[in-house]
Amino acid sequence: MALAAASLLPILSTLTNYEYYTSAGINSGLTADKPNFYLNDKEIFIYSGAVHYFRVPRQYWRDRLRKLRAAGLNTVETYIPWNLHEPKSGEYDFGDGGNDMSDFLHLEEFLQIAKEEDLFTIIRSGPFICAEFEFGGFPSWLLREDNIELRTSNSTYMNYVTRWFGVLLPILAKFQFTKGGPVIMFQVENEYAVSGKHDLSYMKMLRNIMIDNGIQELLVTADNPSRKTYGTLSDLFLMTGNFDTDPKTQLDLLKEIQPNRPTMTMEFWAGWFDFWGGKHNKKTVDEFIYNYEQILKYPASVNIYMFHGGTNFGFLNGAQNLKYDDENSDYHSIISSYEYISPLDETGDYTDKYWATKDLLERYNPIKTQLPEVPPSPQKTAYASVKLEQEMFLFDMLKSITPVYSPNVIPMEKLDINDGNGQSYGYIVYQKSGLTIPANAVLQIEGRVCDNFMVLVNGILVSPWLERSRDLHKVGTSMVKNSEIILSDKNLTEATLEIVVENWGRVNVGVYKQFKGLWQGGVKLDGEYLYDWTIYPLEFKSAWTNGLSNWQNTVSGSIGPALYKGTLTINESPQDTFVYMENWTKGIVIVNGFVLGRYAKMGPIQTLYLPAPLLVEGNNTIIVFEHFKPASFVNFTKNHIYESF
C-alpha cells in the first residue's frame, strides 16, 4: 500500500537513512513511474535542502550538512558551477587548481561528506545553473567565440559542453546511488522554459551526453509549472516545479502534465535575494510555514531553496536585467550575501525557519529514521577596529600590471590575457595619455557602460559618486546611455585620461551577450573619437594583491579609487565575524589576499560575512579598494546590519 505523508501510522525505524533504504543491498535507484518515488524498491518522499558547496567554506561543509540532516531532511541539493571548475578553457579545478576559489571546489569531498552525514544528494549540473550566480555559472571565456549561442544546440556551444561534461560526469557517476554513492537524481539544465530559447533538441543532446558518460540515475527538469512543457520532454524527463506560493495549484499542474507520476517541488523558495540599491527582502516564517506545510500535506517531495544560502565570495554575484536585452539597460547587481532568509543563516546559525522545518517534518514525514543531535550554534565575535595605515593610488597599482594595447576600446573578455581566456572578473582601466583637453571639454561614451565607471583626469576623479540608490540612474552606471562628462574647467595639455569600469556581476538568467567594460561604441572628446588605448586588467587575484609593494605609509583621505591597508591581529583561534563598512562608500574588501566581496553605502546591507577559515591566528592583512572616499577604520560586528541610503 502506498504511503501518505502525515500517515496516522508512520514507519518508525532505528535505522539510519542509508540503512533503511540499502540494508538488503542495492537493486535499483530512484524511480518515477508511479504516483510516488521509489528508491531501491522502497517508497520515499524526498525532503531536501539546498546547500551550494562553492558558497560555503570547505571547513564548514560537515557542520552545514549535519544541521540539515538534524532538521529531518533526507537529501541535500547542490548546483555545480562550470565557471569555477573550468576557469580557463580546457583547465579544470576540483580543489587543486591553485586558483583563489580552489579550496571551495573539492566536489568529491562534499559528496562523500553528504553520504557520511546520512544524506542522499540531488545534483543540478547545468551546464546553466542560474543560482543568482555570476553569468548563471557559465565561464566568461565562452564569450570570446563570436558565433556561439548559449543554451542551444549551436555546435560551438555544444562542443564546449560536451568537453566539460566529459570531465565532470565521470566524477559524478562514481557517486551514484546504484554504485554505492549518495546521488539519487540529476537535474538537466535549469528553468529552460524561461531561457528564451526553447530548443528542445538541445535538451535531448544533454540527456544523451549524460547517459554516454555513465549517468544512470533519474533525470529531471525544473520549471515553473505554469510554463507546462516548454522546458522539458515528458518522455525523457520528470518535470519538477519551482515556486513559493499557491502550492496546491502548482502541484496540480504538475500532475496534469504528467499523471500517475511523482510530484516534486525542486525549488520551494524559503526566502529571496537582494539587489544593491534596493530594499532588503523579507519573507516571514509564517509565510514559510504555511506554504511548506501545504506541500507536505499534498503530499509531495520538496527541496527547500535555499536551506543555507551562503555567500557570493569575490566577484561571483549574479545580476538581473528585467528587460532581457543585450544593452544592459535595466541592470541590477546582486549583493555579496546570499543569506536568502534561509533556515540556516549565512553563518550557519539557526533561524525560526529551521525550527519550523524540523517541526513540520516530524509531523509529516511518514518514515522516521535516526537523526543526529542538533549541533551547537557557531561562535561569532566583533574584533577591534582596524586602522588603515597605508594607501596606494591607481597610478601605482597600474605599474604592476602588464597592459594591453588596442586601437579601440574593447571589453575585458576580449583582452588577450590569461592564456587567451580574457578577463573574467574585477575592473578594467582604459587609459589615454598625451591629450590636449580644452576647458569644458566633454567626454562622450557611446552606448552603455557595463557596469559602473569612474573617470579620472591626471589622477583626479571628475565623474559623479555612486553613493546612494538614486545615483544608480545617473551618469556613472549602465542605466544611462551615451554618457557625457565635462572633464575640466581649465585648458590641459599632455593630460592622462583614465576610465575605470567595474564588472558588477554578469546577469544570471535571460541575457547571454554579456561583455563587461566599454564595447557598445567608441569614446569621444568634444565629438572626436579617441584611439590607441592602453588597457589594464585589474583582476585582484591574490598573487597580485599580495605582491604589491608601492604602498605609502600614510592615508591622505584623497578622493578617487585607491587601496587602503591595515592589520587585524588575532591572538587566539579565529572566529566568524562581519566586516562593517557603513562609513565607506563603495568598493571591495580583501582579506589575506582573498577578495571577500563587495560593499556599497547605498545598501541594503552594510556588512560582509568573514568566516573564520579565511583568518589566521596572528596578523591578518585587511585591504579595501575604495572607489571614492576612504574612512579611517574598518570595523567589525557579530551580525549583519541592513540599512539603505
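Residue numbering note: each chain is counted from 1, following its sequence as written. With pLDDT at 70 or above as the cut-off, local features in this predicted model cover only qualifying residues; side-chain atom pairs require 80 or more to be listed or tallied, and sums for whole chains, interfaces and linings still use all residues. The basis for the side-chain values is all heavy atoms of the structure; hydrogens and waters are excluded.

- Taking an unreviewed UniProt entry as the reference, the protein is identified by name as Beta-galactosidase belonging to Phaedon cochleariae.
- According to the UniProt record, the Catalytic activity (unreviewed entry) comment for the protein is "Hydrolysis of terminal non-reducing beta-D-galactose residues in beta-D-galactosides."
- UniProt positions are given in the numbering used here, feature names are shortened, and annotations may be inferred rather than shown by experiment. UniProt annotates the protein under Sequence similarities (unreviewed entry) with the comment "Belongs to the glycosyl hydrolase 35 family."

**Some points on the overall build of the protein**
Piece 1. Tallying secondary structure elements over the protein gives 11 helices and 34 strands in all.
Piece 2. Our radius of gyration is a C-alpha quantity, and the globule rule it is checked against amounts to 2.2 Å times the number of residues to the power 0.38. Computed over its C-alpha atoms, the radius of gyration of the protein comes to 25 Å, within 12% of the 26 Å expected for a compact globule of 645 residues.
Piece 3. In terms of overall dimensions, the protein has C-alpha extents of about 90 × 55 × 40 Å along its principal axes.
Piece 4. Throughout this description, buried means an accessible area under 20% of the type-specific maximum (1.4 Å probe, protein chains only), exposed means over 50%, and partly exposed covers the range between. For the protein, the proportion of its 645 residues judged to be buried stands at 62%.
Piece 5. The contact criterion used is simple: two residues touch if any of their non-hydrogen atoms lie within 4.5 Å. Pairs at least 24 residues apart make up 80% of the contacts formed inside the protein by residues separated by at least 6 positions.
Piece 6. If you sum the accessible surface of the protein, you get close to 23000 Å²; carbon and sulfur atoms cover 48% of it.
Piece 7. Side-chain charges of the protein comprise 56 positive and 75 negative groups, with the mean position of each set lying 3 Å from the other. Secondary structure follows DSSP: runs of H or I at least 4 residues long count as helices, runs of E at least 2 residues long count as strands, and numbering of each begins at the N terminus. Only the protein chains shown count as cover for residues, and all accessible areas are computed by the Shrake-Rupley method using a 1.4 Å probe. Counting rule for charge: Lys and Arg are taken as positive, Asp and Glu as negative, and neither His nor the chain ends is counted. Just so you know, the charge point we use is NZ for Lys, CZ for Arg, CG for Asp and CD for Glu.

**Quick word on the pattern of salt bridges**
Piece 1. The term salt bridge refers to a pairing of a side-chain nitrogen on Lys or Arg with a carboxyl oxygen on Asp or Glu at a separation within 4 Å. Counted according to the given criterion, the structure contains 35 salt bridges.
Piece 2. Note that glutamate 327 is salt-bridged to lysine 481, the shortest N-O span being 3.1 Å. In this pair, glutamate 327 sits in the loop between strand 13 (319-321) and strand 14 (331-333) while lysine 481 sits in the loop between strand 22 (460-461) and strand 23 (483-486), placing the two residues 154 residues apart along the sequence.
Piece 3. Given a relative accessible area of 41%, lysine 481 falls into the partly exposed group.
Piece 4. Among the ionic pairs, lysine 490 bridges to aspartate 489, the shortest N-O distance being 3.5 Å. For the pair formed by lysine 490 and aspartate 489, the shared burial category is exposed.
Piece 5. One salt-bridge network, held together by shared partners, links Arg62, Arg66, Glu116 and Glu117.

**Details of the UniProt feature "domain: Beta-galactosidase 1-like first all-beta" (unreviewed entry) in the protein**
Piece 1. UniProt annotation of "domain: Beta-galactosidase 1-like first all-beta" (unreviewed entry) refers to residues 422-539 when read in the numbering used here.
Piece 2. Its end C-alpha atoms 11 Å apart, residues 422-539 is made of 0% helix and 42% strand.

**Describing the side chain of aspartate 93**
Piece 1. Mapped onto the fold, aspartate 93 is located in the loop between helix 3 (82-85) and helix 4 (107-116).
Piece 2. This buried residue, aspartate 93, is left without a salt bridge; arginine 58 holds the nearest opposite charge, at 9.8 Å.
Piece 3. Two N or O atoms count as a polar contact when they lie within 3.5 Å, although within protein this holds only if one can serve as hydrogen donor and the other as acceptor, and sequence-adjacent residues are included solely when both atoms are side-chain atoms. Polar contacts involving the side chain of aspartate 93 include one to the main-chain amide nitrogen of aspartate 96, which spans 3.3 Å.
Piece 4. Polar side-chain contacts of aspartate 93 include one of 2.5 Å to the side chain of serine 102.
Piece 5. In contact with aspartate 93, other than residues within four places in its own chain, are Leu84, His85, Pro87, Gly98, Asn99, Ser102 and Leu105.

**Considering the side chain of glutamate 77**
Piece 1. By secondary structure assignment, the location of glutamate 77 is in strand 6 (residues 75-79).
Piece 2. Of note is the side chain of glutamate 77, whose polar atom sits 3.4 Å from the side chain of arginine 124.
Piece 3. At 2.8 Å, the side chain of glutamate 77 forms a polar contact with the side chain of asparagine 303.
Piece 4. Beyond its immediate stretch of four places on either side in the chain, glutamate 77 contacts Ser48, Gly49, Ala50, Val51, His52, Ile122, Arg124, Asn303 and Tyr305.

**A few points about the state of the cysteines**
Piece 1. Two cysteine sulfurs form what is called a disulfide whenever their separation falls within 2.5 Å. Across all of its chains, the model carries 0 disulfides by this definition.
Piece 2. Here cysteine 450 stays unpaired: no disulfide links it, and the sulfur of cysteine 130, its closest cysteine neighbor, is 19 Å away.

**What about the sheet that holds strand 12 (residues 301-308)?**
Piece 1. Strand pairing is assigned whenever DSSP identifies at least 2 bridges connecting the two strands. Around the barrel, which closes on itself, the 8 strands sit in the order 5-6-7-8-9-10-11-12 with parallel pairing between neighbours. Neighbour-to-neighbour, the strand axes of the sheet open up by a mean angle of 30 degrees, direction not taken into account. With axes taken as lines fitted to C-alpha atoms, and helix axes fitted only over the stretch in contact, angles between N-to-C directions fall between 0 and 180 degrees.

**Focus on the sheet that holds strand 4 (residues 42-44)**
Piece 1. Read from one edge to the other, the open sheet built from 3 strands follows the order 2-3-4, with strand pairing classed as antiparallel. A single partner strand is all that each edge strand has here, and the edge strands are strand 2 (30-31) and strand 4.
Piece 2. Judged from the 2 bridges that link them, strand 2 and strand 3 (residues 37-39) form a sheet pairing that is antiparallel. Note that in strand 3 the partner of leucine 30 across the bridge is leucine 39.

**Quick word on the environment of leucine 568**
Piece 1. Among the secondary structure elements, leucine 568 is positioned in strand 28 (residues 562-570).
Piece 2. With relative accessibility at 3%, the residue leucine 568 sits in the buried group.
Piece 3. Residues leucine 568 and lysine 387, 181 residues apart in the sequence, show an inter-C-alpha distance of 8.7 Å.
Piece 4. Setting aside chain neighbours within four positions, we find leucine 568 in contact with Tyr383, Ala384, Val386, Leu615, Gly618, Asn619, Asn620, Ile622 and Phe636.

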